[in-house]
Amino acid sequence: MSAFIEARARIFERGKYTPFSAMRWLRRLAMIKKIPSQYDHYKTDIVLYEWWRLIGPRHVLLWQSAITITVMQIPFGLAGYVGFLDYVELQLGWLTVVAIAANRWTIVFFALKRSIRASKPVSLQIRSLRNPIRLIGASIGTGVGIIAGLVSAAAYSIPLGVGVGVSIGAIAVLYTASSEAVPIGVKRPMDPLFNDRRFSLVIGFVLGAYAVLYYSTIYGVRVAVLYGMMCVLGAVCSSAYMRYVIAVFYGWTLGFPLRLNKFLAWCYDSGILRQSGSGYQFRHQELEEFLSAQGQ
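Counting starts from 1 at the beginning of each chain's written sequence and moves along it residue by residue. Only residues with pLDDT of at least 70 get local features here, since the model is predicted, and only at 80 or more are side-chain atom pairs given and counted; chain-wide, interface and lining totals rely on the full set of residues. Hydrogens are left out, water is left out, and the side-chain values use all remaining heavy atoms of the structure.

Draft legend 1. Just the layout of surface pockets, in detail. One number sums up the size of the largest pocket: a volume of about 610 Å³. Of the grid points, spaced at 1 Å and generated over the protein atoms alone, those admitting a 1.4 Å probe that cannot get out make up cavities, while open sets with protein on both sides within 12 Å along at least five of seven lines make up pockets; any residue with an atom within 4 Å of a point is treated as lining. Lining the largest pocket are 26 residues; nearest its centre among them are Phe-110, Ala-111, Arg-114, Tyr-175 and Leu-207. The numbering of helices and of strands both runs from the N terminus, where a helix is a DSSP run of H or I of at least 4 residues and a strand a run of E of at least 2. Looking at the lining of the largest pocket, the elements that each hand over two or more residues are α6 (94-117), β3 (178-179), α9 (191-219) and α10 (221-237). Tallied by class, residues from the lining of the largest pocket come to 16 nonpolar, seven polar and three charged. Grid points are joined across faces, edges and corners, and a volume is the space filled by probe spheres set on the points. The classification used treats Ala, Val, Leu, Ile, Met, Phe, Trp, Tyr, Cys and Pro as nonpolar, Asp, Glu, Lys and Arg as charged, and all other residues, Gly among them, as polar.

Draft legend 2. Broad picture of the pairing of strand β5 (residues 279-282). Using a 1.4 Å probe on the protein chains alone, a residue whose accessible area is under 20% of its type maximum counts as buried, one over 50% counts as exposed, and one in between counts as partly exposed. Neither face of β5 is left uncovered, since the one carrying Gly-279 and Gln-281 and the one carrying Tyr-280 and Phe-282 both have all their residues buried. When DSSP finds at least two bridges between two strands, those strands are taken to pair. Sheet topology note: the strand β1 (residues 46-47)/β5 ladder contains two bridges and is antiparallel. Bridge pairing links Ile-46 to Tyr-280 in β5.

Draft legend 3. Examining the side chain of Ser-200 more closely. Within the secondary structure layout, Ser-200 lies in helix α9. The criterion used for residue contact is that any of the two residues' heavy atoms lie within 4.5 Å. Discounting chain neighbours no more than four positions away, the residues touching Ser-200 are Arg-114, Ala-235, Val-236 and Ser-239.

Draft legend 4. Summary view of a nonpolar patch on the surface. Patch criteria: residues need more than 30% relative accessible area and no salt bridge. Like-charged residues are merged within 9 Å; nonpolar side chains of Val, Leu, Ile, Met, Phe, Trp and Tyr are merged within 5 Å. Surface exposure here means Shrake-Rupley accessible area, sampled with a 1.4 Å probe, where a residue is shielded only by the protein chains that are shown. One side-chain nitrogen of Lys or Arg within 4 Å of one carboxyl oxygen of Asp or Glu is enough to make a salt bridge. On the surface, Ile-136, Ile-140 and Val-144 cluster together to form a nonpolar patch covering roughly 280 Å² of accessible area. Its relative accessible area of 44% is what places Val-144 among the partly exposed residues.

Draft legend 5. Quick look at the nonpolar core. Think of a nonpolar core as a cluster: buried Ala, Val, Leu, Ile, Met, Phe, Trp, Tyr and Cys residues, connected wherever their side-chain atoms sit within 4.5 Å. Ranked by internal contacts, the top residues of the largest apolar core, which has 40 residues, are Leu-26, Leu-29, Trp-51, Ile-55, Phe-263, Leu-264 and Phe-282. Met-72, Ile-107, Val-223 and Met-230 belong to the second largest nonpolar core, which has 15 residues in total.

Draft legend 6. Representation of helix α12 (residues 260-269) in the model. Restricting attention to buried positions, one finds in α12 the residues Leu-260, Phe-263, Leu-264, Trp-266 and Cys-267. In a view along the axis of α12, the buried residues occupy a sector of 155°, so they form one face of it. Note that the arc is defined by the directions from the helix axis to the C-beta atoms.

Draft legend 7. Quick look at the sheet that holds strand β4 (residues 273-276). Spatially, three strands are ordered β1-β5-β4 in an open sheet, and the strand pairing comes out antiparallel. Two strands in the sheet have a free side with no partner beyond their single neighbour: β1 and β4. Bridge analysis of β4 against β5 gives four bridges, and the strand direction is antiparallel. Looking across to β5, one finds that Arg-274 is bridged to Gln-281. Only the stretch in contact is used when a helix axis is fitted, and all axes are lines through C-alpha atoms; the angle between N-to-C directions ranges over 0 to 180 degrees. Strand contacts of α12: β1, β4 and β5, with the helix running at about 105° to β4, the strand carrying the most contacts.

Draft legend 8. Representation of the packing of helix α4 (residues 57-72) against helix α11 (residues 240-253). The geometry of α4 relative to α11 is characterised by a closest axis approach of 9 Å and an angle of 120° between their N-to-C directions. As summarised for this structure, α4 and α11 are arranged oblique, according to the angle between their axes. By crossing handedness, the relation of α4 to α11 is classed as right-handed. Where α4 abuts α11, its residues His-59, Val-60, Leu-61, Trp-63, Gln-64 and Ile-67 lie against Met-242, Arg-243, Ile-246, Ala-247 and Tyr-250. Here the contact of α4 with α11 is built from residues that sort into eight nonpolar, two polar and one charged. Orientation labels follow simple angle bins: below 35 degrees gives roughly parallel, above 145 gives roughly antiparallel, 65 to 115 gives roughly perpendicular, and whatever is left gives oblique. Crossing handedness follows the turn of the near helix against the far one: under a right angle anticlockwise gives a left-handed crossing, and clockwise gives a right-handed one.

Draft legend 9. Up close: the packing of aromatic side chains. Only the six-membered ring of Trp is used, alongside the rings of Phe and Tyr, when aromatic pairs are assigned; centres must lie within 6.5 Å, and planes under 30 degrees apart are stacked while those over 60 apart are edge-to-face, with the rest tilted. Within this structure, the stated rule accounts for twelve aromatic pairs. A centroid spacing of 4.4 Å and a plane angle of 50° characterise the contact between Tyr-215 and Tyr-227, whose relative ring orientation is tilted. One end of the pair, Tyr-215, is in helix α9; the other, Tyr-227, is in helix α10, and twelve residues separate them in sequence. Classification of Tyr-227 by relative accessible area gives buried; the value is 0%. In textbook terms, an aromatic cluster arises when at least three aromatic residues are bridged by ring pairs, as seen for Phe-76, Tyr-210, Tyr-214, Tyr-215, Tyr-219 and Tyr-227. Its guanidinium or amino end placed over the ring of Tyr-241, Arg-197 lies 4.9 Å from that ring's centre, counting from NZ or CZ. Only lysine NZ and arginine CZ atoms are considered, and such an atom sits over a ring when it is within 6 Å of the ring centre and within 35 degrees of the ring normal. Here the guanidinium or amino end of Arg-243 rests over the ring plane of Trp-52, the centre of that ring lying 5.5 Å away.

Nothing here speaks to function; it is geometry throughout.
Right, dumping it as structure tokens:
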């Protein structure tokens, strides 16, 4: 078995991985699948978007929560609004200052809730709107956006009303047409995570645009822009893609390859692993058992 892996490392993309490093990482992969845990039903395949469950779910979720909270404070920190008393510089009433701080931490709360929920990768599936229930939901959300836009146009200005209406309608359509189900026929195991990254960026900018338009009428453009930046950062940091990135770095501290996706793809090309849907499996059960025994 060792000679088989050594031969693969020398034949396929010579110099990319040494036989020693390939053997060492494969042993760790085989061993981690044998460790008993509450996530044993995830251990049949090596699925990249579920890698965090294999590598240490509590540590990864803790790190993601801490990073989400920290990164979302950057906009207000750069603007100089770090502590509660810093809001006094806005020359607003105390109740308004409290409301600004409350809204700020409300945005953090929803992003933190999404990261702790540990949802699967989200993909945008416009064709799912053919479903009558989804179509009704998108239509109701669009209707709410039109009403909110008309009210905003009447109370403030037509451009603001158009922006509010379009942003609310877009949020409703995006969430209605999104799905956590992994698409059938995934060609690359990283595709679900790439889809999640794109969706997180899109929904983050749409939420940010709405926050800027809405809060600019209440607290001014400066605070509204900060809220918008927080929405974008929160959507990205609480995503499944960010969870995967954190899990890869955490796995690296435990001795796994930093470029995990590249290494698994190389194992697939060299015939050590096989692709099963959106995950990888050892091509031979005997090889997995041998590596697991060697790592003990």
